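What the coordinates show
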Amino acid sequence: MKLKPILGITFFLLSLNIIAQNLEPVKYTTSNKGKFFVSWGGNRESFSRSDIHFKGEDYDFVIKDASAHDKPKGWHVDYINPSRMTIPQTNVKVGYFISDHYTVSLGVDHMKYVMNRNRNETVDGFINLPVTESGSEYNGTYNNEYFFVSEDFLKFEHTNGLNYVYAEFARYDDISKLFNLPNTDKFQINITEGAAGGILYPKTNTTLLQKDRYDEFHLAGYGISLHAGLNFTFFKHFFLQLDMKGGYIDMPDIRTTSNTAESASQHFMYLQRVIAFGGIFKI
């Protein structure tokens, strides 16, 4: 006779526990599927050496193992100034979580590439401009010879910029438990890695053989890249992302003058360090 009240009380307590669990709010950061995100940031780059091939009606030569550097602006208000925010080295990305762990996104890496000049380089090929034309003082045949590449001879920069427009597929994994973080809706740590591919649409600033300066956008080639990084999400909707990104760029058709018969080509590897800020929201 005493067993029924005990069973009743036990059942009642279990029911309260189940109800309490069901009433406990699900954390926003528990699931990612269906979320939309956008980020904006800055970068620094390093480039491998590359052979740069210049060709036109009266010249065809290669500058071998040319080196280059980026053109950083440092911590500057231009990164958030709407009228000037495309001037520094920047990164923008818009993406969507197709599942809790996987994203698809579109982005633009606005890098800057400046070929080092005013130094001796190995040159192979020929220059045979009309003697009445500026730059004809460089006429000659060069057989893998050391040659002083001065500013008067060549200025070659993808400074507005080395624009990599890409589509990316990436994975995100929450590693907050490794750091004993109790509430990921306040602070969450994710590790992310991905692969991308796209086109190179540089605005190449060039002065070649004392010809008129050329600086126009042109579809020059393609690129592929891999990245790995850490994502720090704050208060569910805001994040800081640190990425290390490496890639390969091949540009067989770089415009160098207003004459469409004249062009340059090069391919190289690069390493990019990115700091970006963004937001993430449910659609």
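As recorded in an unreviewed UniProt entry, the protein goes by the name Outer membrane protein beta-barrel domain-containing protein, listed as coming from Mariniflexile litorale.

With that settled, consider the side chain of Gln241. Relative to the helices and strands, Gln241 is located in strand β14 (residues 238-255). On the accessibility criterion, Gln241 (4% relative accessible area) is buried. Not counting chain neighbours up to four residues away, the residues in contact with Gln241 comprise Tyr172, Thr192, His227, Leu230, Asn231, Val274, Ile275 and Ala276.

Our focus in this paragraph is the pairing of strand β13 (residues 221-234). One ladder, built from 14 bridges, connects strand β10 (residues 187-200) with β13; its direction is antiparallel. Paired with Gly194 across the strands is His227, a residue of β13. Here β13 pairs with β14 via 13 bridges, running antiparallel. Opposite Leu230, over in β14, you have Leu242 as the bridge partner. Counting the residues between successive antiparallel strands, the hairpin from β13 to β14 contains 3 residues, one of them, Phe235, with a positive phi of roughly 50 degrees.

Inspection of the secondary structure assignment puts Gly194 in strand β10. With a relative accessible area of 13%, Gly194 lands in the buried category. Between the C-alpha atom of Gly194 and that of Ala228, which follows or precedes it by 34 residues, the distance is 6.6 Å. Once residues within four sequence positions are removed from consideration, Gly194 is found in contact with Phe169, Ala170, Ser225, Leu226 and His227.

This part takes up the pattern of salt bridges. When charged atoms on two side chains of opposite charge get close, those side chains can pair. This structure, assessed with the given rule, holds 9 salt bridges. For Lys203, the salt bridge goes to Asp215, with nearest N and O atoms at 3.2 Å. With Lys203 in strand β11 (residues 203-208) and Asp215 in strand β12 (residues 214-217), this pair connects stretches of sequence that are 12 residues apart. Among the charged side chains, a network of salt bridges with common partners joins Glu133, Lys211 and Glu262.

Take the packing of aromatic side chains next. Evaluation of the coordinates by the stated rule reveals 20 aromatic pairs. Centre to centre, the rings of Tyr138 and Phe147 are 6.2 Å apart; their planes meet at 75 degrees, and the pair counts as edge-to-face. The two residues Tyr138 and Phe147 agree in class, both being buried. Between Tyr164 and Tyr166 the ring centres are 5.1 Å apart and the planes differ by 35 degrees, which places this aromatic pair in the tilted class. For the pair Tyr164 and Tyr166, a shared accessibility class is recorded, and that class is buried. Among the aromatic residues, ring-to-ring pairing joins Phe54, Tyr59, Phe61, Tyr138, Tyr142, Phe147, Phe153 and Phe156 into one connected group.

Each value, and the rule that gives it
Residues numbered from 1 in each chain as written. Predicted model: local features only at pLDDT ≥ 70, side-chain atom pairs only at ≥ 80, totals over all residues. Heavy atoms only, no water. Helix = DSSP H or I, 4+ residues; strand = E, 2+ residues; numbered from the N terminus. Buried < 20%, exposed > 50% of the residue type's maximum accessible area, 1.4 Å probe, protein only. Contact = heavy atoms within 4.5 Å. Pairing = 2+ DSSP bridges. Salt bridge = Lys/Arg side-chain N within 4 Å of Asp/Glu carboxyl O. Phe/Tyr/Trp six-rings, centres within 6.5 Å; stacked < 30°, edge-to-face > 60°.

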